[in-house]
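# Summary of structural features
Residues per chain, in single letters:
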Amino acid sequence: MPIDPRLSLLIRIAKLRPDDLSVPMAARREQAARLSHRGAGLLIAPEPRPAAIGHVAVPVAGGRIRVRLYRPHGAGPFALYVFLHGGGFCMGTLDEREQRCRAVSAGARCVVASVDYRLAPENQYPTPPEDCYAALEWLVEHAGRLDVDPARVAIGGESAGANLAAVACLMSRDRNGPRLVHQWLDVPTTDATCSQSGFREVPDGYLLDRAAIDDYLAHYLADPAQAREPWCSPLLADDHRGLPPAWIMTAEYDKLRGDGEAYASALAAAGVPATHVRLDGHIHPSFAFTRLLPSARAYQDQAIAALRSAFEG
């Protein structure tokens, strides 16, 4: 399918100021956050305010991380959805996905817990996945305090956050952790060796080039050999049986397209229910552009409905 003309315009604008990968990651992180703040209103539709927004401090190895909680209107206990933002393991903030979290809380009638996991290169692998799993465990252990139902817990994320969500599912299975009813993975990276079909089939020029992916991984991993470990590349795990049912979305013009396709196939082969949705005409980040693109809005509604169904059993 041809790329949406509105996305073509965005790509042309982005090419006027190409990323400078020589800039230190901390400075690039701040620049990306400012750009997201300025552009969010043009690209992302506003969502209804939840009944309450609060924060908890979750203990992790070497410190504490912040988790933002979105509570829906009505009486609990509510289902719990743990959300992990994207950003190549090196970028991203809770604020950037505020509207998505609001939409999920309202649409699925659940508490959304958005995790401010520590970022690379200051905190390299395996710190981010361990942070996310620690947050998942803590939230479930404190279900009574948070007025959530520990029997109705799901996890999900976007891009690098989807990788972390998939890894948290593996950790929870292997460590006898919380039972999860659903994993929601948008444009996930599942194979950090960059061996899947999207890297061969999708050219550069769609806002996520191979050089940027390599740069993120170089900052994330202390040793390139770690890319083959399942906590980094969940597709490469020896066994995918016993994982929660999955909802996986890929985008046509995204180098990570093959990662999501392969993970859906691996889960299905292991007997795990896996729904794979491909957004034709989309690029890596455009599923989030719910104000700009009607198809992005429709996708968000569809995915939230699937989450709500998983909570209802």
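So, how was this worked out
- Residues numbered from 1 in each chain as written.
- Predicted model: local features only at pLDDT ≥ 70, side-chain atom pairs only at ≥ 80, totals over all residues.
- Heavy atoms only, no water.
- Salt bridge = Lys/Arg side-chain N within 4 Å of Asp/Glu carboxyl O.
- Helix = DSSP H or I, 4+ residues; strand = E, 2+ residues; numbered from the N terminus.
- Buried < 20%, exposed > 50% of the residue type's maximum accessible area, 1.4 Å probe, protein only.
- Core = buried A, V, L, I, M, F, W, Y, C linked by side-chain atoms within 4.5 Å.
- Contact = heavy atoms within 4.5 Å.
- Axes fitted to C-alpha atoms, helices over the stretch in contact; angles between N-to-C directions.
- Parallel < 35°, antiparallel > 145°, perpendicular 65-115°, else oblique.
- Left-handed = near helix turned anticlockwise from the far one by under 90°.
- Nonpolar A, V, L, I, M, F, W, Y, C, P; charged D, E, K, R; others polar.

Enumeration over the complete set of coordinates arrives at 23 salt bridges. With a shortest N-O distance of 2.8 Å, E158 and R97 are connected by a salt bridge. Residue E158 is located in strand β5 (residues 148–158), and its partner R97 is located in the loop between β3 (78–84) and α3 (98–108); the two are separated by 61 residues in the primary sequence. Taken as a pair, E158 and R97 share a single burial class, namely buried. As a salt-bridge pair, K255 and D204 come within 3.3 Å of each other at their nearest N and O atoms. In this pair, K255 is assigned in the loop between β7 (246–253) and α9 (257–269) and D204 in the loop between α7 (198–201) and α8 (210–220), connecting sequence segments 51 residues apart. The class for D204 is partly exposed, based on a relative accessible area of 44%. The network of salt bridges with common partners includes R68, D95, E98 and R102.

Here the focus is the nonpolar core. Counting residues in each nonpolar core, the largest one holds 69 residues, and the members touching the most others are V67, L84, L139 and I155. Per-element tally for this core: the top contributor is helix α6 (residues 160–174), with ten residues. Not counting residues up to four positions away in its chain, the partners in contact with L139 are V67, L69, L80, V82, A113 and L146. Of all hydrophobic cores here, the second largest spans 37 residues; its members include C101, W184, M249 and I304.

This part covers the packing of α3 against helix α10 (residues 294–312). Taken N-terminus to C-terminus, the directions of α3 and α10 make an angle of 45°; their axes are 9 Å apart at the nearest point. The pairing of α3 with α10 is recorded here as oblique in orientation. The element α3 and its partner α10 pack so that their crossing is right-handed. Facing α3, whose interface residues are R100, A103, V104, G107 and A108, α10 presents Q300, I304, L307, R308 and F311. Partitioned by chemical class, the residues of the contact of α3 with α10 number six nonpolar, two polar and two charged.

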